[in-house]
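# Overview (structure and organization)
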Amino acid sequence: MGKIKVGFGFDVHQLKENHPFVLGGVKLEHHAGAYGHSDADVLLHAICDALLGAANLRDIGFHFSNKDDRWKGISSLVLLQHVVALIKEKGFTIGNIDAMVCLEAPKINPHIPAMKTYIAEAAAISEEDISIKATTNEQMGFIGREEGVVAYAVCLIEKE
Ligand SMILES: Nc1ccn([C@@H]2O[C@H](COP(=O)(O)O)[C@@H](O)[C@H]2O)c(=O)n1
Ligand SMILES: C[C@@]1(CO)OP(=O)(O)OP(=O)(O)OC[C@H]1O
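Residues numbered from 1 in each chain as written. Chains lettered and ligands numbered in written order. Predicted model: local features only at pLDDT ≥ 70, side-chain atom pairs only at ≥ 80, totals over all residues. Heavy atoms only, no water.

Looking at an unreviewed UniProt entry, the chain carries the name 2-C-methyl-D-erythritol 2,4-cyclodiphosphate synthase, with the source organism given as Mucilaginibacter gossypii. The UniProt entry for the chain carries the following comment under Sequence similarities (unreviewed entry): "Belongs to the IspF family." UniProt lists a comment for the chain under the heading Pathway (unreviewed entry), and it reads "Isoprenoid biosynthesis; isopentenyl diphosphate biosynthesis via DXP pathway; isopentenyl diphosphate from 1-deoxy-D-xylulose 5-phosphate: step 4/6." (UniProt positions renumbered as here; feature names shortened; annotations may be inferred.)

Here it is in structure tokens:
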């Protein structure tokens, strides 16, 4: 029997007025957006950390420092491609990814099919193996006040 590993990832970014909002590779139309060193795609960062964690390969900031200009403003789809290459070097393939976005607004349900398409392409896996879900924080805390966005992800990776 092959080896199966589970991974978990979490990320959080501030929301700032009149800032682009990229989530799951999709540019959302919204009055505010996630702020960071890269494109601040909180969903992709959580997925990257889940994959890296499953392969025992440290975390996203270890591989892509926020002090390094190479990653400034970079699309996190590119970071995901790098991460997938790293776990492949260790002989792993992705089983599935399940993710949760905690965001007060906007509603992301209409954009989930496009997010799955982008992630599937970047990770070279089937859309069937990617699940994305969303919840508001019921108007409580920093998420509820629309000051920030959070994402969690788990994944399975496997090798023969
Ligand atoms: N940013 C979000 C948040 C939620 N959704 C969808 O709405 C459903 C209801 O959310 P509650 O937090 O009020 O339970 C949720 O299950 C999601 O399907 C969304 O699309 N975008
Ligand atoms: C992705 C990186 C690198 O550009 O920057 P941010 O966009 O700020 O994202 P974060 O989730 O804080 O972690 C990793 C970073 O080093």
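### Examining the site of ligand 1
Taken together, the neighbourhood of ligand 1 is formed by Leu103, Pro106, Lys107, Ile108, Asn109, Ala134, Thr135, Thr136 and Glu138. Between ligand 1 and the protein, one listed contact pairs a nitrogen atom with a backbone N or O atom of Pro106 at 3.0 Å. Ile108 is positioned with one of its backbone polar atoms (N or O) 2.9 Å from a nitrogen atom of ligand 1. Its free accessible area being 450 Å², ligand 1 has 70% of it covered by the protein chains. (Near = heavy atom within 4 Å. Polar contact = N/O pair within 3.5 Å; in protein donor to acceptor, adjacent residues only side chain to side chain. Areas by Shrake-Rupley, 256 points an atom, 1.4 Å probe, with all protein chains shown as cover.)

### Describing the site of ligand 2
Residues in contact with ligand 2 amount to 13 residues; listed here are only the nearest, Asp11, His37, Ser38, His45 and Phe64. With respect to ligand 2, the side chain of Asp11 contributes an N or O atom lying 3.0 Å from an oxygen atom. Here Asn66 contributes a backbone N or O atom positioned 3.2 Å from an oxygen atom of ligand 2. For ligand 2, the protein covers 87% of the area, taking 370 Å² as the surface of the free molecule. Under a 2 Å grid-point criterion requiring more than half of the atoms, the pocket assigned to ligand 2 is the largest pocket. Residue assignment for the shell around ligand 2 shows that the elements contributing at least two residues are β1 (3-17) and α2 (60-63). (1 Å grid on protein atoms, 1.4 Å probe; cavity = no way out; pocket = protein on both sides within 12 Å on 5 of 7 lines; lining within 4 Å. Sits in = over half its atoms within 2 Å of the grid points. Helix = DSSP H or I, 4+ residues; strand = E, 2+ residues; numbered from the N terminus.)

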